[in-house]
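Summary of the model geometry
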Amino acid sequence: MTHNPRPLVAGNWKMHGVRESLGEVSEICAAVAGGGAGEAEVVICPPATLLMAAAQICAGTPVTLGGQYCHTQPSGPFTGDISAEMLKDAGASYVIVGHSERRFGHNESNASVREEAAAAFRAGLTAIVCVGETRAEREAGHALSVVGSQLAGSVPKALSLESLVIAYEPVWAIGTGLTPTPQDIAEMHRFIRGRINEQLLGQADKIRILYGGSVKPGNAEEVMGVEDVDGALVGGASLTAKDFMAIAGVYR
Ligand code: 13P
């Protein structure tokens with residue numbers, strides 16, 4: 001099975017960033033427009049409060065935007081929530097769903113992540129569905145089976161190829177400076193592609209599978225050079241244009 005989807009480097013700002021941070025968005029846009037990410041697509045997922053202002057900055061540049069979560073419903077009495085349609089209206093093309101900080105911090109189940117991904121699809125957004133094992137699960141030898149059941153439970157059956165990105169983010173690698181070995185990343189990404197291939201009837205070669213968890217300028221080349229890794233989902237290092245572009249620059 002050959003695959004060569006266009007690489008994707010996405011920055012997940014999490015709950016970081018106020019208007020002052022929009023300068024980083026401008027810098028990223030200028031760098032990407034100048035060829036700083038080569039063939040890669042670059043997506044910034046700022047907090048929702050910055051989406052509309054960031055969309056104005058990104059207009060006319062190759063940089064696109066994403067949300068970090070969406071509710072399953074298009075609108076309704078859900079105080080504090082945000083819908084996929086609202087993210088789309090604010091200028092997003094992507095939305096991250098099933099991040100471990102939502103699965104654990106907000107008790108989101110596979111079933112709710114699946115409905116969020118379907119909501120993204122309904123609104124015309126591409127869902128970046130996150131999966132990944134905990135340290136205890138990896139140490140017990142259960143990493144593949146845990147990710148396998150997350151994929152089975154969190155990826156809607158009806159998703160089209162264009163509307164799905166998978167991000168493998170081992171929980172123990174997020175914000176810790178730890179990363180799996182290149183062999184472990186390769187094994188997991190190969191496994192994920194195989195599982196998605198069963199679901200998408202042999203078309204998983206077109207799906208982008210990102211690695212996320214402590215991707216930094218210093219390890220980006222090694223991590224993104226691993227077989228079946230089609231880009232990165234970057235947390236802390238996406239908050240400054242300098243570090244983020246050093247990572248996206250791997251594809252120059
Ligand atoms: P860090 O890059 O800060 O480890 O975060 C990864 C992440 O959770 C991206 O979604």
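Let me begin by describing the structure that accompanies this report. Note that the structure is predicted; figures quoted are calculated from it, not measured.

What counts and how
Residues numbered from 1 in each chain as written. Predicted model: local features only at pLDDT ≥ 70, side-chain atom pairs only at ≥ 80, totals over all residues. Heavy atoms only, no water. Buried < 20%, exposed > 50% of the residue type's maximum accessible area, 1.4 Å probe, protein only. Helix = DSSP H or I, 4+ residues; strand = E, 2+ residues; numbered from the N terminus. Arc of directions from axis to C-beta. Right-handed = clockwise from strand over helix to strand, strands pointing away. Pairing = 2+ DSSP bridges. Salt bridge = Lys/Arg side-chain N within 4 Å of Asp/Glu carboxyl O. 1 Å grid on protein atoms, 1.4 Å probe; cavity = no way out; pocket = protein on both sides within 12 Å on 5 of 7 lines; lining within 4 Å. Points joined across faces, edges and corners; volume = space filled by probe spheres on them. Nonpolar A, V, L, I, M, F, W, Y, C, P; charged D, E, K, R; others polar. Axes fitted to C-alpha atoms, helices over the stretch in contact; angles between N-to-C directions. Contact = heavy atoms within 4.5 Å. Near = heavy atom within 4 Å. Polar contact = N/O pair within 3.5 Å; in protein donor to acceptor, adjacent residues only side chain to side chain. Areas by Shrake-Rupley, 256 points an atom, 1.4 Å probe, with all protein chains shown as cover. Sits in = over half its atoms within 2 Å of the grid points. Phe/Tyr/Trp six-rings, centres within 6.5 Å; stacked < 30°, edge-to-face > 60°.

1. Considerations on helix α10 (residues 241-248)
Three or more residues of α10 are buried, namely Ala241, Phe244, Met245, Ile247 and Ala248. Seen from one end, α10 has its buried residues packed into an arc of 155°, which puts them on one side.

2. What to know about the pairing of strand β7 (residues 208-212)
Burial runs high along β7: five of the five residues are buried. Burial along β7 is two-sided: the residues Arg208, Leu210 and Gly212 and Ile209 and Tyr211 are all buried. Taking the sense of rotation as the criterion, the β-α-β connection linking strand β6 (residues 164-168), helix α8 (residues 182-199) and β7 turns out right-handed. Across two bridges, the pairing between β7 and strand β8 (residues 231-234) is parallel. Residue pairing in the sheet places Gly212 in a bridge with Leu233 of β8.

3. Topic: the pattern of salt bridges
For the coordinates displayed, the defined rule picks out nine salt bridges. Close ionic contact of Arg208 with Glu41 constitutes a salt bridge, the shortest N to O distance being 2.9 Å. Taken together, the residues span a long stretch of sequence, with Arg208 in strand β7 and Glu41 in strand β2 (residues 41-45) at a distance of 167 residues. For Glu41, a relative accessible area of 12% corresponds to the buried category. As a salt-bridge pair, Arg122 and Glu85 come within 2.7 Å of each other at their nearest N and O atoms. A residue pair is termed long-range when its members are at least 10 positions apart, and Arg122 in helix α5 (residues 110-123) and Glu85 in helix α3 (residues 84-90) qualify at 37 residues. Through salt bridges with shared partners, a single network forms among Glu133, Arg138 and Asp184.

4. Points about the layout of surface pockets
Approximately 480 Å³ is the volume attributed to the largest pocket. Along its surface, the largest pocket is lined by 19 residues, and Lys14, Met15, Gln68, Tyr69 and Arg102 are the ones closest to its centre. The residue inventory of the lining of the largest pocket, partitioned by class, reads nine nonpolar, six polar and four charged. The space that makes up the second largest pocket amounts to roughly 200 Å³. Along its surface, the second largest pocket is lined by 18 residues, and Lys14, Gly175, Ser214, Gly235 and Gly236 are the ones closest to its centre. Partitioning the lining of the second largest pocket into residue classes produces seven nonpolar, eight polar and three charged.

5. Brief notes about the sheet that holds β8
Read around the barrel, eight strands follow the order β1-β2-β3-β4-β5-β6-β7-β8 and close on themselves; strand pairing throughout is parallel. Pairs of neighbouring strands in the sheet enclose a mean axial angle of 25°, with direction left out of account. Note: strand β1 (residues 8-12) against β2, five bridges, orientation parallel. Residue pairing for β2: Leu8 is matched across the bridge by Glu41. Lying over the sheet, helix α7 (residues 143-154) contacts β5 (126-131) and β6, oriented at roughly 150° with respect to β5.

6. Comments concerning the site of the ligand
Inspection of the region around the ligand gives Asn12, Lys14, His99, Glu169, Ala173, Ile174, Gly175, Gly213, Ser214, Leu233, Gly235 and Gly236 as its neighbouring residues. His99 has a polar side-chain atom sitting 2.7 Å from an oxygen atom of the ligand. A distance of 2.9 Å separates an oxygen atom of the ligand from a polar atom in the backbone of Gly235. Its free accessible area being 310 Å², the ligand has 97% of it covered by the protein chains. With respect to the detected pockets, the ligand is housed in the second largest pocket. Tallied by class, the residues present in the shell around the ligand amount to three nonpolar, seven polar and two charged.

7. Topic: the packing of aromatic side chains
One pass over the full model with this rule turns up one aromatic pair. Ring centres of Tyr168 and Tyr211 lie 6.2 Å apart, and the angle between their planes is 65°; this geometry places the pair in the edge-to-face category. Residue Tyr168 is found in strand β6, and its partner Tyr211 is found in strand β7; the two are separated by 43 residues along the sequence. Accessibility classification places Tyr168 together with Tyr211 in one group, the buried group.

8. Some points on empty space enclosed by the protein
Following the criterion strictly, the structure yields one cavity of 30 Å³ or more and no others. The volume enclosed by the largest cavity comes to roughly 50 Å³. Every residue lining the largest cavity is listed: Gly98, Ser100, Arg103, Phe104, Cys130, Val131, Gly132, Gln150, Glu169 and Val171. Taken together, the residues that form the lining of the largest cavity break down as four nonpolar, four polar and two charged.

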